[in-house]
Amino acid sequence: MITKFNHVAIVVPDLYAAARKYEKILGAKVSSISDYSEHGVSVVFVELENTKIELMHPYGNNSPIKKFLEKNSGGAIHHICLEVKDIKSCCKNLKLHGITILGDEEPKNGAHNKPVIFLHPKDFYGTLIELQQE
Ligand code: CO
């Protein structure tokens with residue numbers, strides 16, 4: 001089912017400082033800051049040749065990553081994103097195997113305007129997995 005690695009997302013305490021660090025010290029190509037009010041996150045994309053890193057910070061008061069940053073105040077890896085060809089059939093298969101899909105179990109349009117679901121970390125060795133339609 002999974003085909004490609006899409007991104008790793010890291011929650012950081014200071015988005016601007018984190019972007020500058022990747023740019024100045026690691027020589028990375030970084031985007032400007034994008035605010036996604038509907039997702040409650042601000043994001044900087046670190047573009048690599050084969051993948052990308054998303055640096056995230058809570059946006060607004062109801063951000064889904066607010067608690068995560070409180071628990072990991074210095075920053076931490078939040079999730080990895082893998083691509084799948086057919087997210088609907090993927091959902092069925094996951095449910096058959098007793099995997100917990102977060103939320104109402106239906107694919108939602110993610111920050112890249114493609115359908116995504118999130119799998120509970122308890123089912124995948126402590127890692128929150130985002131599956132994104134190719
Ligand atoms: Co993501």
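Structure's up top.
Sequence positions are assigned chain by chain, starting from 1 and proceeding in written order. A pLDDT threshold of at least 70 governs which residues receive local features in this predicted model, and a stricter bar of 80 or more applies before side-chain atom pairs are shown or counted, although totals over entire chains, interfaces and linings include all residues. The side-chain values count all of the structure's non-hydrogen atoms but skip hydrogen atoms and water molecules.

### A few points about the coordination of the cobalt ion
Coordination of the cobalt ion by the protein involves H7 (NE2), H79 (NE2) and E130 (OE), with metal-donor separations of 2.1 Å. As a rule, N, O and S atoms within 2.8 Å of a metal are its donors, except that Na, K and Ca use 3.2 Å; water is not among the atoms, so sites may look incomplete. If you list the donors of the cobalt ion from N- to C-terminus, the spacing comes out as H-x71-H-x50-E. Taken together, the residues H79 in strand β6 (residues 76-84) and E130 in strand β9 (residues 129-133) connect sequence positions 51 residues apart. Burial here depends on accessible area, computed with a 1.4 Å probe over protein chains only, as a share of the maximum for the residue type. Under 20% is buried, over 50% is exposed, and the range in between is partly exposed. E130 gets classed as buried once you look at its relative accessible area, which sits at 6%. For the purposes of this entry, the term helix denotes a DSSP run of H or I that reaches at least four residues, the term strand denotes a run of E that reaches at least two, and both are numbered from the N terminus.

### Quick word on the pattern of salt bridges
Here, a salt bridge means any side-chain nitrogen of Lys or Arg that lies within 4 Å of a carboxyl oxygen of Asp or Glu. As enumerated under the stated definition, the model contains 4 salt bridges in all. Close ionic contact of K95 with E105 constitutes a salt bridge, the shortest N to O distance being 3.7 Å. Placement of K95 in helix α3 (residues 87-96) and of E105 in the loop between α3 and β7 (108-109) is noted, with a sequence separation of 10 residues between them. Accessibility expressed as a relative area gives 30% for E105, which makes it partly exposed.

### Details of the pairing of β6
DSSP-based pairing: two strands are paired if at least 2 bridges between them are found. Bridge analysis of strand β1 (residues 2-11) against β6 gives 7 bridges, and the strand direction is antiparallel. In the sheet register, A9 faces β6, and the bridge partner there is H79.

### Examining the packing of aromatic side chains
Here the aromatic set is Phe, Tyr and Trp, taking the six-membered ring for Trp, and pairing holds for ring centres within 6.5 Å; pairs whose planes are under 30 degrees apart are stacked, those over 60 apart are edge-to-face, and all others are tilted. Applying the stated criterion across every chain yields a total of 0 aromatic pairs. Here R20 stacks its cationic end above the ring of Y16, 4.8 Å away from the centre of that ring. For a lysine, the NZ atom is tested; for an arginine, the CZ atom; a charge sits over a ring if that atom is within 6 Å of the ring centre and within 35 degrees of the ring normal.

### What about α3?
The set of residues buried in α3 consists of I87, C90, C91 and L94. End-on, the buried residues of α3 take up no more than an arc of 105 degrees, which puts them together on one face. α3 presents K88, K92 and L96 as exposed residues on the side facing more than 90 degrees away from its buried surface. In this description, contact between two residues means that some pair of their heavy atoms is separated by no more than 4.5 Å. Tucked into the core, α3 has its buried residues touching β6, β8 (115-119) and β9. By the criterion applied in these results, polar contacts are pairs of N or O atoms within 3.5 Å in which, for protein atoms, one can donate a hydrogen and the other can accept it, and in which residues neighboring in sequence qualify only through two side-chain atoms. Capping the start of α3, D86 holds a side-chain oxygen 3.2 Å from the backbone nitrogen of K88, two or three residues further along. Two residues or fewer past α3, G98 is found with a positive phi of approximately 75 degrees. For this quantity, the arc is that covered by the directions from the helix axis to the C-beta atoms.

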